[in-house]
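# Analysis of the macromolecular model
What follows is the residue order along each chain.
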Amino acid sequence: NYFSELNHYNDLIKDFQPITHDLRELINANEENIEEVCSITKLHSDGLGGIFKSRLVSNSTDAGAMEPLLPTMRSHKMCNNFAK
């Protein structure tokens, strides 16, 4: 379900290692390795669609699945338990 996918997404975000170098410097002059360089920025090899298989995220015809927008410092889990 969507909440379990959102939990998995949040875990991937927490575990993502910061990229500390300029990605433009890694791209060859002929740009033949651009896909390889860009792939290190992905949380999942199939993009966000690979994380949210339920397809319950917003999709754009140009960009595909979009990151879920949650209020800052809020957890989606508060919807499950209003006592917290």
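Analysis parameters
Residues numbered from 1 in each chain as written. Predicted model: local features only at pLDDT ≥ 70, side-chain atom pairs only at ≥ 80, totals over all residues. Heavy atoms only, no water. Phe/Tyr/Trp six-rings, centres within 6.5 Å; stacked < 30°, edge-to-face > 60°. Helix = DSSP H or I, 4+ residues; strand = E, 2+ residues; numbered from the N terminus. pLDDT = per-residue confidence, 0-100.

## What about the packing of aromatic side chains?
Applying the stated criterion across every chain, the model contains three aromatic pairs. Geometrically, the ring pair formed by Tyr9 and Phe52 is tilted, given 5.5 Å between the ring centres and 50° between the ring planes. With Tyr9 in helix α1 (residues 2-15) and Phe52 in the loop between α4 (48-51) and β1 (59-60), this pair connects stretches of sequence that are 43 residues apart. Among the aromatic residues, ring-to-ring pairing joins Tyr2, Phe3, Tyr9 and Phe52 into one connected group.

## Notes on the confidence of the model for the protein
The share of residues in the protein with pLDDT of 70 or more is 82%, and the mean pLDDT across the chain is 81. Of all secondary-structure elements in the protein, the lowest mean pLDDT belongs to strand β2 (residues 64-65), at 72, while helix α2 (residues 23-26) reaches the highest, 89.

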